[in-house]
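# Reading the structure
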Amino acid sequence: MDGSQNSVAQVLLALAEEFEYDGLPLQAVKCLEALLQSPVSYLPQLEAQARLHLSALLLTYTSNTARAKITLEPVHLLTTSLSGCFELKMRFHSLHARCCGALPDHARQHRQSLKRGLEAAELAGNHGWAEAGEWRCRLHL
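Each chain has its residues counted from 1, following the order in which its sequence is written. For this predicted model, a pLDDT threshold of at least 70 governs which residues receive local features, and a threshold of 80 or more governs which side-chain atom pairs are given and counted, while totals over whole chains, interfaces and linings are taken from all residues. Excluded from the side-chain calculation are hydrogens and water; included are all heavy atoms of the structure.

So, about the side chain of K89. For the purposes of this entry, the term helix denotes a DSSP run of H or I that reaches at least four residues, the term strand denotes a run of E that reaches at least two, and both are numbered from the N terminus. Inspection of the secondary structure assignment puts K89 in helix α6 (residues 86-102). Summary of buried charges: K89 has no salt-bridge partner, and the nearest side chain of opposite charge, E119, is 13 Å away. The contact criterion used throughout is that any non-hydrogen atoms of two residues lie within 4.5 Å. The residues contacting K89, other than those within four sequence positions of it, are T79, L82 and G84. Residue burial is assigned from relative accessible area. The probe radius is 1.4 Å, only protein chains are included, and a residue is buried under 20% of its type maximum, exposed over 50%, and partly exposed in between. Only four residue types enter the tally: Lys and Arg on the positive side, Asp and Glu on the negative side, with His and both chain ends excluded. What makes a salt bridge here is a side-chain nitrogen of Lys or Arg within 4 Å of a carboxyl oxygen of Asp or Glu, nothing more.

Below is the structure:
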């Protein structure tokens, strides 16, 4: 994998953000789907960002919560191997809890996701991440 492939991923991520900002969520979804459906492997952090953004768009603009959850689930594995990246990890736990809370018969997963998110926020705070307290509050709400 060379840097130009990761540059393409970064451009697609930026384009998706721009489309969302312009009120064009469908085009943002298409950019993120193109990135994730590519046969090219990207850096785990870039794939995690794309999956988080796509899941957030699906939760915000559609009623397809199950697809948002399926899109989101690999993020946990991707971010587990990454040192730091606390914001990605917190965003995962927050979105995952949101998905599980919106799906019938997922109350147990919802509680587990919130608990794991709070534990991750505590660990991040122990490593000096300044926003850990804010994320603990978000997860409690």
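Only Phe, Tyr and Trp rings take part, Trp by its six-membered ring, and two of them pair if their centres are within 6.5 Å. Stacked means planes under 30 degrees apart, edge-to-face means over 60, and tilted covers everything else. Applying the stated criterion across every chain yields a total of one aromatic pair. Consider the rings of F86 and W129, whose centres lie 5.7 Å apart with planes at 40°: the pair is tilted. Residue F86 is located in helix α6, and its partner W129 is located in the loop between α7 (107-126) and α8 (132-140); the two are separated by 43 residues in the primary sequence. The pair formed by F86 and W129 is uniform in burial state, with each residue classed as buried. Over a ring means this: the NZ of a Lys or the CZ of an Arg is within 6 Å of the ring centre and within 35 degrees of the ring normal. Over the ring of W135 we find R138, and its NZ or CZ is 4.3 Å from the ring centre.

The subject of this paragraph is the nonpolar core. The criterion is simple. A nonpolar core is a set of buried Ala, Val, Leu, Ile, Met, Phe, Trp, Tyr and Cys residues joined through side-chain atoms within 4.5 Å. With 26 residues, the main nonpolar core has L13, L32, L35, L52, L72 and V75 as its most contacted residues. Elements with a contribution of two residues or more to this core: α1 (3-21), α2 (25-36), α3 (44-61), α4 (65-72), α5 (74-80) and α6. For this core, the element with the highest residue contribution is α3, accounting for eight residues. For L52, the contacting residues outside a window of four places in its chain are L72, V75, L88, R91, F92 and L95.

Below, the discussion takes up the confidence of the model for the protein chain. Per-residue confidence from the predictor is reported as pLDDT, a score between 0 and 100. Here the protein chain shows a mean pLDDT of 90. Residues at 70 or above account for 98%. Highest mean pLDDT in the protein chain belongs to α2 (96); lowest belongs to α8 (84).

Moving on, we come to the environment of L72. Note on placement: L72 falls in helix α4. For L72, a relative accessible area of 0% puts it in the buried group. As for L72 and Q37, which are separated by 35 residues in sequence, their C-alpha atoms are 14 Å apart. What L72 contacts, discounting residues up to four positions off in sequence, is L52, S55, F92, L95, H96 and C99.

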